[in-house]
Structures are given as structure tokens and as C-alpha cells.
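Residue-level structure breakdown
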Amino acid sequence: MAFMTEYENGSSERSTKIRLKNVYKIFGEHPDDGLKLLRSGKSKADIHRETGCSIGVNNASFDIKAGEIFVIMGLSGCGKSTLLRLLNRLIEPTSGSIEIDGQDITNMSPKALIDLRRRDISMVFQSFALLPNRNVVNNAAFGLEVAGVGDVERKAKAMAALKAVGLEGYGESRPDELSGGMKQRVGLARALASEPSILLMDEAFSALDPLIRTEMQDELVRLQSERSRTIVFVSHDLDEAMRIGDRICIMQNGNVVQVGTPDEIVVNPANDYIRSFFRNVDVSQVFKAGDVARRNQITIIDRQGVSAAAALEQMKSRDREFAIIVGRDMKYHGMVSQTSLMEKIRSKAEDPYRKAFLADAAPIHAGEQLSGVLGQVAASAWPVPVVDDQHRYVGAISKSALLETLDRAN
């Protein structure tokens, strides 16, 4: 029998897809002069007065992991859209390096950059930018057509992309026959049709009404669950950033002020500017069950010949009332208590170990919003187990852990 007090899911940490090192963007006729003044400690106002230059991005350095939704947010004019456009060199950086899969794109030739954009990067803008004289499928295929993809292949890929965004039956429709949300889905399908590994989205849902906007956010998350891409999403909306972002980058006056998961930023804001964003945030809407789950329960691997008596003895020696039962693949099987084990052992029940499972110890998904599980945790007589998409055990939430999290956030 094997006993554990902590479970690691075995998945390797995500690799770095995009890396920025000391990236600057100075707008104006003499950007190098502006950069020298900036590096010497001059203020943004002083630089503009002396050179006429303005600071778009100031010394940005951070990594974006493969397969994550990375949200860049901040107030208008903070530099978030400029930073996004630097990632595919729609805007040229003044200084610094931008690596994609380890290759510095700032040194790429124009041809190599065009090949990279066609192969790996797609962009979705706030404007739908659909061609009114083309039907939906030909709008979705437009980027492939520009790239020189043949008729049959590009139509097949466009239809597949339309199916992915829920517009399979609208290929022959015209843009003016579609709602705003449907038009944005066509724009998203056009970006997906080239099967990019990186998707850049600049205020992509800002023009939509709130209900459709929420629907499109859900659609993006759904698409990400079906096929993981690296998505960099610019937004000025905190609720949107918290809803879809795996990590958030907050900018102010061209500076990257803080990068972190939503809960990291809520609990440990870097300064008063960050704190002001989150002042009225309901943390139960920010944290998910997986964020709060603790991995300090005894974990027992359920296999042939496992001894209920040995499990009970281990729980007593560790002074633990409950233990989590998992399979060899770490999938959650159930929960036992000292009392339930003793009852089955004393009754000489056949296979007492598995019959000791607590009937009401139903697990919750790690992605559940904390607001949705507060009642279940409060009503439970034992820590509530938490599982991932594959039903693997990732931890348990006790009343004390829940209260500590809410108190720490406040």
C-alpha cells in the first residue's frame, strides 16, 4: 500500500511560447534620442518636451506560456495595444528582443516574418472587417486565399473553422444577414482557419453588447479547451480579464506593472494602481476551487490487496480523521474516515475497505468558481475533494482553508 500527503499531477510546466526582453517602443521622429533620455531616468513628460517623442512601451520583460490565455489590460493609452502589435511586428520595437519558440523575430527578414505570420500567428480585431461582397465561407477563407492556399483546401479549412465557432450552416450567408455576435464569430473563424499556434486579439469583443460579449468569452474558452493555442488578449475590462485570463498583465503609462494569475494579483497587488482595479472585486468570483484546494490530506492508492486495517493505522498515526482514496492513475475513487473504516472492519464485511467510502463525499471540479461551492463546503462534515478534467484528485477544501482564503483576500 502507498500513502501520500501531497499529490502532483505529473504534468510538466508549460513551455515558453513568447518571450519579451527589455522591449521599448518610442514613437516620434527621433526615437533613439528618446530612448537615451528614458534610460537616463528622464520622465515621460520631459522626453516629450525635449524630443517630441512619446513612450509606447517601457522596458517590457515577461514570458507568455504555450497554451495559456494571457490578457493584457489597463486604462486607455497605457500601451496595451502597442504591446500586442509588437508581438508580430505590426509595430517595430525601438529596442529589445521578442522571441517566438526561441527565435528572435526582431532579426527576421521580411520574408521570414511573413512566413511566420502566415504559419503561426492570426489576429482578431474589434472591428469585424468582413468583406460585404463575399459570403461567410469566403470571408473565413480570405486569409488562406491571400496565402495562396488552393480552392479545395481553403474551403475545407474555412468550413472546419466555421463549424468550430458554431456557424456550420451559414457558409452561404452574407455578412449583412448576420448579427453582431455572428459577425465576430466569422472574424474568429477567419483567424482559426490558418490553424495558428498564436492568436492575438485586440479588444475583440468590446463592440458587442454584454450578453453576446459573455457568449463570445465562453466560446473562446470552449475553443481553447478543445484545441489549446497561445492566446494574447487585449482588454480594458476587468471582468473580462478575470473571466478568461489564465494570467493577466496590467500596464500603466507604457510600463508593465504586474503579471500574474487573477488570484495572485487580487491577493498581492503590486501597488495602489493595481489595488484600485480590484477594490470592489468579489473574490469568490475570482478564485476557483482548484486555487483553494489543499494537498495535505492523506492519500491512499487503491489497489488489489490493500489493507483497510493498515489504512486505519496510518490515519491514526498521522492524526487524520479522513483519507482520500485514488487509483494508480491518481483518479479520485472516494473518501474514508476512521469511523467508517472501523465500522466495516468490526462487522467483518467482505471488502471492508471499499465499502467504507463515505456516501456523500462527491468531488467538485477544480474549475468551479468559489462562489458556486461555498454552500457545499459549508454544509460538508469533511473536506470536499477537488478533481481535474480527468477526474484526478488535486486537493480538498476544508472550512478553515476556505475562510483563510477569503480572509487573506480581504
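Please refer to the structure higher up on the page.
Predicted model only: the values in this text are computed from it and were never measured.

It is worth spelling out the sheet that holds strand β3 (residues 54–65) at this point. Strands sit in the order β3-β2-β5-β6 across an open sheet of 4 strands; the sheet is antiparallel. What marks the edges here is a single partner per strand, and that holds for β3 and β6 (103–104). Contacts from helix α1 (residues 31–39) reach β2 (16–27), β3 and β5 (95–100), with the element oriented near 105 degrees to β2.

This part takes up unusual backbone geometry. Phi angles above zero are rare outside glycine, and R89 is one such case at about 60 degrees. Looking at the element boundaries, R89 is found in the loop between α3 (80–86) and β5.

Across the interface, helix α14 (residues 308–317) lies against helix α15 (residues 338–346) with an axial gap of 10 Å and an inter-helix angle of 150 degrees. As summarised for this structure, α14 and α15 are arranged roughly antiparallel, according to the angle between their axes. With respect to the hand of their crossing, α14 and α15 are arranged in left-handed fashion. Listed contacts from α15 to A308, A309, A311, L312, M315 and K316 of α14 are Q338, L341, M342 and I345. Here the contact of α14 with α15 is built from residues that sort into 8 nonpolar, 1 polar and 1 charged.

Here is what the cut-offs are and how they apply
- Residues numbered from 1 in each chain as written.
- Predicted model: local features only at pLDDT ≥ 70, side-chain atom pairs only at ≥ 80, totals over all residues.
- Heavy atoms only, no water.
- Pairing = 2+ DSSP bridges.
- Helix = DSSP H or I, 4+ residues; strand = E, 2+ residues; numbered from the N terminus.
- Contact = heavy atoms within 4.5 Å.
- Axes fitted to C-alpha atoms, helices over the stretch in contact; angles between N-to-C directions.
- Parallel < 35°, antiparallel > 145°, perpendicular 65-115°, else oblique.
- Left-handed = near helix turned anticlockwise from the far one by under 90°.
- Nonpolar A, V, L, I, M, F, W, Y, C, P; charged D, E, K, R; others polar.

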